[in-house]
Amino acid sequence: MRAEVLTPFLDGLMTRIADYHLASLEPGQKTVDYLSEESRRKTTDLSLPLEGNGPERVLDDIDEFLRQCIKTNNPQFMNPLWGGLNLSAFAGEVIAALTNQSMYTYELSPIATLIEKAIIFRMMEIIGYGDGFGTFTTGGSNGNMLGMLCARQSLYPSSSHGGFDGTKHVAFVSAEAHYSVLMSANVIGIGHQNLIKVACDSNGRMKPESLRDEIQRAQQNDLIPFCVIATSGTTVRGAFDPLSEIAAISHDENIWLHVDAAWGGSCLFSSKHRDLMSGVELADSVCWDAHKMMGLPLICSAFLTKHKEVLGGVCAHGNAAHYLFHEDTKDVDLGRFSLQCGRRNDSLKLWIAWREIGDAGWAEMVNRYCELGDYLQATVQSHPKLEMMSDRSWSNVCFRYVVEGHDLNELNVELRARLIREGIHLVSRSNILDDVVIRAVVANPLVDESVLNGLVAAIVRHGDEIVAGVPAQF
Ligand SMILES: Cc1ncc(COP(=O)(O)O)c(C=O)c1O
């Protein structure tokens, strides 16, 4: 870009960034202008021109995107396990893109390497690992896969070279675990059928006695248990599996224990809620997404293990990459502990945000989100037309609209569809066993009691209109 267009371009960009953020501070803003995929495709210019449109049009394209995108920074955006805009982390993200470091070697990312290591060591300390190592990954899904790969590597250190016959190896997860464990089972070569789902209690927590039974049953069938994956903060209910009991069983049986704390890991900051993960220090590995509750821009996710040499074994590539890795820097290069080659500098934004608010800031955030979860639960419980579908353990609140004489699943599906078309409150449609539930998640610093009251009012209004036979207004 030429110097004379650079300044107006950057000014224009900054104005758009500020406007985007400031809009979310206005109460009741729309989160999305609903449009079907077909209508959106037909009404948007998506063409890639033969001759470029020139720098003057770049801001127009940005405007179009900003106009059409979901406003994930709006407090009414409560659908996934993240939301909001952490401005200092956003600044870190911009600087990471500006400076474009790649995390494979110290030589090519000197300060970024030190920052990533500082965060890994601090997260390990919080977990209670006296020793170990870790890496930033592409997310909790990838962290779960790395956990399973480490389990395999720990059992068969030569498998990274010689391969592995996974047909008899079984891993155990809670029946409510995240779907990424299925993809991990596929990637590591045991297949979906060798991922054994362990029964949960009525609050969605893995039952330790069922885990023990399943392990014994597998052994009796000549299968080889090699990995248990416990979840700290399940996707739908936010349940925390009992880690101490699960760790005792895994240790008795000499099975690797991985904890999927993608969603719930931040409880470790709060003295009030840390007990949800008591026993985590006994696990062999943990994944923890800072891009969920901690509100970092996607992607920001750590995988941590007590067994540095096992992670190193999984990621070993010999002397193949002589153009990057050399013997004299083997102790400082992060690329020996990652499955990626080129890798984004995801730790900078976390380091910047963490230094701004400290551990105390994260603890306050966790406590506030749980308080708001309690508030929403109490509001639902006190409303005659709403029903909680599971007790709140974290900041997920699962409930539904109820009325006699209607199919409640159909009714709640339609209700949520109307919410989306209205475009203000976005919540997830999920299932608990056979029931459709509305899952609202508090994971945005702008959420407060009035936002939750607005959500409840909208849900009840739509439910009442459906029951009264009022057609959708959108
Ligand atoms: C419990 C749990 N584990 C793992 C994941 C996957 O995380 P990611 O989206 O970072 O891959 C999720 C995503 O919601 C999750 O809820």
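Residues numbered from 1 in each chain as written. Predicted model: local features only at pLDDT ≥ 70, side-chain atom pairs only at ≥ 80, totals over all residues. Heavy atoms only, no water.

S.K.: What is the right way to read the overall build of the protein chain from this model?
M.R.: Counting its secondary structure elements, the protein chain contains 14 helices and 11 strands. In terms of C-alpha radius of gyration, the protein chain reaches 24 Å, essentially the compact-globule figure of 23 Å for 474 residues. Overall size of the protein chain, expressed as C-alpha extent along the three principal axes, is 65 × 65 × 45 Å. Per-residue burial for the protein chain yields a buried fraction of 51% across its 474 residues. Computed over 40 positive and 59 negative side-chain charges, the separation of the two mean positions in the protein chain equals 2 Å. (Helix = DSSP H or I, 4+ residues; strand = E, 2+ residues; numbered from the N terminus. Rg over C-alpha atoms; globule rule 2.2 N^0.38 Å. Buried < 20%, exposed > 50% of the residue type's maximum accessible area, 1.4 Å probe, protein only. Lys, Arg positive; Asp, Glu negative; His and termini not counted. Charge placed at Lys NZ, Arg CZ, Asp CG, Glu CD.)

S.K.: How do you make sense of the packing of aromatic side chains when you look at a structure like this?
M.R.: Working definition: an aromatic ring pair is given by the centre-to-centre distance plus the angle between the planes. Within the structure shown, the criterion is met by 10 aromatic pairs. Summarising the aromatic geometry, the rings of Phe 121 and Phe 133 are spaced 5.9 Å apart at their centres and angled 50 degrees between planes, so their arrangement reads as tilted. Placement of Phe 121 in helix 5 (residues 110-127) and of Phe 133 in strand 1 (residues 133-137) is noted, with a sequence separation of 12 residues between them. Here Phe 121 falls in the partly exposed class, since its relative accessible area comes to 41%. (Phe/Tyr/Trp six-rings, centres within 6.5 Å; stacked < 30°, edge-to-face > 60°.)

S.K.: How should the domain arrangement of the protein chain be read in this particular structure?
M.R.: According to the domain assignment, the protein chain consists of domain 1 (102-344) and domain 2 (353-467). One C-alpha centre belongs to domain 1, the other to domain 2, and the line joining them spans 30 Å. On the side of domain 2, 24 residues touch domain 1, which itself brings 24 residues to the contact. In this assembly, domain 1 packs against domain 2 so that about 2100 Å² is buried in total across both faces, 66% of it on carbon and sulfur atoms. The largest share of the area that domain 1 buries against domain 2 comes from Val 236, Arg 237 and Met 293, three residues that together contribute 32% of it. Taken together, the connections running from domain 1 to domain 2 amount to 1 salt bridge. With a closest N to O distance of 2.4 Å, Asp 359 and Arg 122 form a salt bridge. The interface formed by domain 1 and domain 2 includes 9 residue pairs in polar contact (both at pLDDT 80 or more). (Domains from an automatic or database assignment. Contact = heavy atoms within 4.5 Å. Buried area = accessible area lost by both parts, 1.4 Å probe. Salt bridge = Lys/Arg side-chain N within 4 Å of Asp/Glu carboxyl O. Polar contact = N/O pair within 3.5 Å; in protein donor to acceptor, adjacent residues only side chain to side chain.)

S.K.: It is not clear to me how the side chain of Ser 270 should be interpreted in this structure. Could you clarify?
M.R.: Along the chain, Ser 270 turns up in the loop between strand 5 (256-260) and strand 6 (285-289). Accessibility expressed as a relative area gives 1% for Ser 270, which makes it buried. Within the structure, Ser 270 has its side chain in polar contact with the backbone nitrogen of His 273 (distance 3.0 Å). Those residues in contact with Ser 270 that lie beyond four places of it in its chain are Ala 363, Val 366 and Asn 367.

S.K.: Teacher, can you tell me more about helix 14 (residues 449-467) here?
M.R.: For an α-helix the count is 3.6 residues per turn, leaving residues at separations of three or four pointing the same way. Taking 1.5 Å per residue, 19 residues should reach 27 Å; helix 14 reaches 27 Å between its end C-alpha atoms and fits that length. Val 451, Leu 452, Leu 455, Val 456, Ala 458, Ile 459, Val 460, His 462, Gly 463, Glu 465 and Ile 466 are the residues of helix 14 that are buried. Against helix 12 (347-381), strand 8 (386-388), strand 9 (396-401), helix 13 (408-422) and strand 11 (435-441) lie the buried residues of helix 14. Just beyond helix 14, the residue with positive phi is Gly 469, at close to 80 degrees. (Expected span 1.5 Å × (residues − 1).)

S.K.: Looking at this structure, how should I read the site of the ligand?
M.R.: Not every one of the 14 residues close to the ligand is listed here, only the nearest: Gly 140, Ser 141, Thr 235, Asp 260 and Asp 289. Between the ligand and the protein, one listed contact pairs a nitrogen atom with a side-chain N or O atom of Asp 260 at 2.6 Å. Taken by itself the ligand offers 390 Å² of open surface, and the protein chains cover 84% of this. Among the residues making up the shell around the ligand, the classes are represented as 2 nonpolar, 9 polar and 3 charged. (Near = heavy atom within 4 Å. Areas by Shrake-Rupley, 256 points an atom, 1.4 Å probe, with all protein chains shown as cover. Nonpolar A, V, L, I, M, F, W, Y, C, P; charged D, E, K, R; others polar.)

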